Amino acid sequence: MVGICLVVWFLVSFGCGIFLVDVLNQFTFAGFKLGFWFAQQGSIYVFVVLIFVYAACVARIDRKHGVDEDADES
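1. A closer look at unusual backbone geometry
- Its identity is not glycine, yet A30 carries a phi of approximately 55°, on the positive side.
- By the secondary structure assignment, A30 is in the loop between β1 (28–29) and β2 (32–33).
- On the accessibility criterion, A30 (63% relative accessible area) is exposed.

Listed below in structure tokens is the structure:
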């Protein structure tokens, strides 16, 4: 799971912000060239989304194995 998150983050930050910048700059988003937007804002947004996705997946795994923090300790 960590590896998948790192690959997605790498593809968005380096792939869209550096390697594919010339292709993406043909399009605009919110008034900025798309390659520039990914380099400055998009990769940060994707990183924040990945944090929430990772936390949700870990919580689901914890519940599945009975070690979640919200479980009643009766």
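2. Some words on the side chain of S13
- The topology assignment puts S13 in helix α1 (residues 2–19).
- We classify S13 as buried; its relative accessible area is 19%.
- A distance of 2.8 Å separates a polar side-chain atom of S13 from the backbone oxygen of W9.
- Among all residues touching S13, those that are not within four sequence positions of it are I18 and S43.

3. So, the packing of aromatic side chains
- Summed over all chains, the structure comprises six aromatic pairs.
- Taking the centre distance of 5.4 Å and the plane angle of 75° together, the rings of W37 and F38 count as edge-to-face. The residues W37 and F38 share a single accessibility class, namely buried.
- Aromatic side chains W37 and Y45 sit 5.9 Å apart centroid to centroid with 50° between the ring planes, which places their arrangement in the tilted category.
- Following the ring pairs from residue to residue traces out a cluster consisting of F29, W37, F38 and Y45.

4. Section: helix α3 (residues 34–64)
- Roughly 50° is the biggest bend found in α3, and it falls at Q41.
- Of the positions making up α3, those classed as buried are L34, G35, W37, F38, G42, S43, L50 and C57.

Reading the values: the criteria
- Counting starts from 1 at the beginning of each chain's written sequence and moves along it residue by residue.
- In view of the model being predicted, local features appear only for residues whose pLDDT reaches at least 70, and side-chain atom pairs are presented and counted only at 80 or more, with totals across whole chains, interfaces and linings using the full set of residues.
- Only hydrogens and water are set aside when side-chain values are computed; all heavy atoms of the structure are taken into account.
- To qualify as a helix, a DSSP run of H or I must reach at least 4 residues; to qualify as a strand, a run of E must reach at least 2; elements of each kind are numbered from the N terminus.
- Only protein chains enter the calculation, and the probe is 1.4 Å; a residue is then buried if its accessible area is under 20% of its type maximum, exposed if over 50%, and partly exposed in between.
- Between N or O atoms, a polar contact is any pair within 3.5 Å; within protein, one atom must be a potential hydrogen donor and the other a potential acceptor, and residues adjacent in sequence are included only when both atoms are from side chains.
- Any two residues whose heavy atoms approach within 4.5 Å are treated as being in contact.
- Here is the rule: rings of Phe, Tyr and Trp (six-membered ring for Trp) pair when centre to centre is within 6.5 Å. Planes less than 30 degrees apart are stacked, more than 60 are edge-to-face, and the remainder are tilted.
- The term bend refers to the angle at a residue between two fitted axes, each drawn through seven residues, those ending there and those starting there.

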